[in-house]
Amino acid sequence: MNTVNGTSKKIVAIQGDITQQAVDAIVNAANKSLLGGSGVDGAIHRAAGPELLAQCRLLNGCETGDAKITKGYNLLAKWVIHTVGLIWRDGNHGEKKLLASCYVRSLEIAAEKGLKTIAFPAISTGVYGFPVELATPIAIRTVKEFLQKNSSIQQVIFVCFNDQLFEIYRQLLPQILSESN
Ligand code: APR
């Protein structure tokens, strides 16, 4: 498996399928209804089974930039943290702040639950069209800053579903993690 280690192995990037990650929580790039969709949302619901949707129906949706947690059911991961990204427009409509909020809220919920390992897909970079080269530095910096303030989470894994995305993480992860704040 291809892996890129951040400086301390607390933050790594791998190439793979997030539904196959045996971690405490995987993050789902959901929509505001939390009732499933295509992309990683569809993959997670298929792998988790129908009980996931049944629990999601009780959550009454989720706001953009926020997140809610459910069990993982048939997934290897014990929990799923559903976060709602944003549809990219032009970068002048608060897109960057909302994307960062998806990562922060997901990490906050994981920390509150006492979870140690969490895997993220590249939120909003698929159907929602957020340019990968802009989203990736936001994802890495936001996670790096959160872990500097919250030592309870032991590892964050960025799961890249394709070569192009993994290549971007392979280049940016060491670079950004070695930046002094
Ligand atoms: N494992 C890891 N990453 C995956 C997987 C998977 N099994 N499947 C897709 N991805 C990646 C995509 O390649 C992309 O890099 O997840 C990233 C996010 O893409 P989307 O799933 O399209 O999510 P997003 O862009 O946030 O759009 C969300 O799409 O599926 C609907 O209900 C969802 O309305 C919401 C919207």
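Everything in this summary refers to the structure shown in the same document. Just so we're clear, the structure is a prediction, and the values are computed from it rather than from any experiment. (Residues numbered from 1 in each chain as written. Predicted model: local features only at pLDDT ≥ 70, side-chain atom pairs only at ≥ 80, totals over all residues. Heavy atoms only, no water.)

Okay, the environment of Ile-81 next. Its place among the elements puts Ile-81 in strand S5 (residues 79-84). Owing to a relative accessible area of 0%, Ile-81 belongs among the buried residues under this scheme. Expressed as a C-alpha distance, the spacing of Ile-81 and Ile-109, which sit 28 residues apart in the sequence, is 7.9 Å. The contact partners of Ile-81, leaving out residues within four places of it in the chain, are Ala-25, Ile-26, Val-27, Asn-28, Ala-67, Lys-68, Ile-69, Ser-106, Ile-109, Ala-110 and Ile-118. (Helix = DSSP H or I, 4+ residues; strand = E, 2+ residues; numbered from the N terminus. Buried < 20%, exposed > 50% of the residue type's maximum accessible area, 1.4 Å probe, protein only. Contact = heavy atoms within 4.5 Å.)

Our next topic: the packing of aromatic side chains. Tallied over the full model, the rule gives five aromatic pairs. With a centroid separation of 4.8 Å and an interplanar angle of 40°, the aromatic rings of Tyr-103 and Phe-120 are classed as tilted. Remark: Phe-120 occurs in strand S6 (residues 117-120) and Tyr-103 occurs in helix H3 (residues 95-112); sequence separation between them is 17 residues. Just as Tyr-103 is buried, Phe-120 falls in that class too. Here a set of aromatic residues connected by ring pairs shows up, and it is made of Tyr-103, Phe-120, Phe-158 and Tyr-169. (Phe/Tyr/Trp six-rings, centres within 6.5 Å; stacked < 30°, edge-to-face > 60°.)

On to the state of the cysteines, then. This model, assessed by the stated rule, comprises zero disulfides. Looking at Cys-62, it has no disulfide partner, and the nearest cysteine sulfur is the one in Cys-102, 8.2 Å off. We classify Cys-62 as buried; its relative accessible area is 5%. Counting only cysteine sulfurs, Cys-102 is the nearest neighbor of Cys-160, a cysteine outside any disulfide, at a range of 17 Å. (Disulfide = S-S within 2.5 Å.)

Here we take up the site of the ligand. Lining the immediate environment of the ligand, one finds 20 residues, of which Asn-31, Ser-38, Val-40, Asp-41 and Gly-126 sit closest. Ile-18 places a polar main-chain atom, nitrogen or oxygen, 2.9 Å from a nitrogen atom of the ligand. Interatomic distance of 2.8 Å between a backbone N/O atom of Gly-126 and an oxygen atom of the ligand. In isolation the ligand offers 700 Å² of accessible surface; the protein chains occlude 91% of this area. Within the residue set of the shell around the ligand, elements represented by two or more residues are strand S3 (25-30) and helix H1 (39-48). Here the element with the most residues in the shell around the ligand is H1; it accounts for four residues. By residue class, the composition of the shell around the ligand is 10 nonpolar, eight polar and two charged. (Near = heavy atom within 4 Å. Polar contact = N/O pair within 3.5 Å; in protein donor to acceptor, adjacent residues only side chain to side chain. Areas by Shrake-Rupley, 256 points an atom, 1.4 Å probe, with all protein chains shown as cover. Nonpolar A, V, L, I, M, F, W, Y, C, P; charged D, E, K, R; others polar.)

Counting buried residues in S3 gives five out of six residues, a clear majority hidden from the surface. As paired strands, S3 and S5 are joined by six bridges and run parallel to one another. Its bridge partner being in S5, Ala-25 is matched across the sheet by Trp-79. (Pairing = 2+ DSSP bridges.)

Here we come to the nonpolar core. Counting 42 residues, the largest nonpolar core has Tyr-103, Ile-118, Phe-120, Val-143, Phe-158 and Tyr-169 as the members making the most contacts within it. Ignoring sequence-local partners within four residues, the contact set of Tyr-169 consists of Val-4, Ala-13, Tyr-103, Thr-136, Ala-139, Ile-140, Phe-158, Cys-160 and Pro-174. If you look at the next biggest cluster of nonpolar residues, it comprises 20 residues, including Ile-18, Ala-30, Cys-62 and Val-159. (Core = buried A, V, L, I, M, F, W, Y, C linked by side-chain atoms within 4.5 Å.)

Taken N-terminus to C-terminus, the directions of helix H4 (residues 132-149) and helix H5 (residues 163-177) make an angle of 45°; their axes are 10 Å apart at the nearest point. As the angle between them shows, H4 and H5 are arranged oblique. When you trace H4 past H5, the crossing you get is right-handed. In contact with Val-132, Thr-136, Pro-137, Ala-139, Ile-140, Arg-141 and Lys-144 of H4, H5 contributes Gln-164, Leu-165, Ile-168, Tyr-169, Leu-172, Leu-173, Ile-176 and Leu-177. In terms of residue class, the contact of H4 with H5 is built from 11 nonpolar, two polar and two charged. (Axes fitted to C-alpha atoms, helices over the stretch in contact; angles between N-to-C directions. Parallel < 35°, antiparallel > 145°, perpendicular 65-115°, else oblique. Left-handed = near helix turned anticlockwise from the far one by under 90°.)

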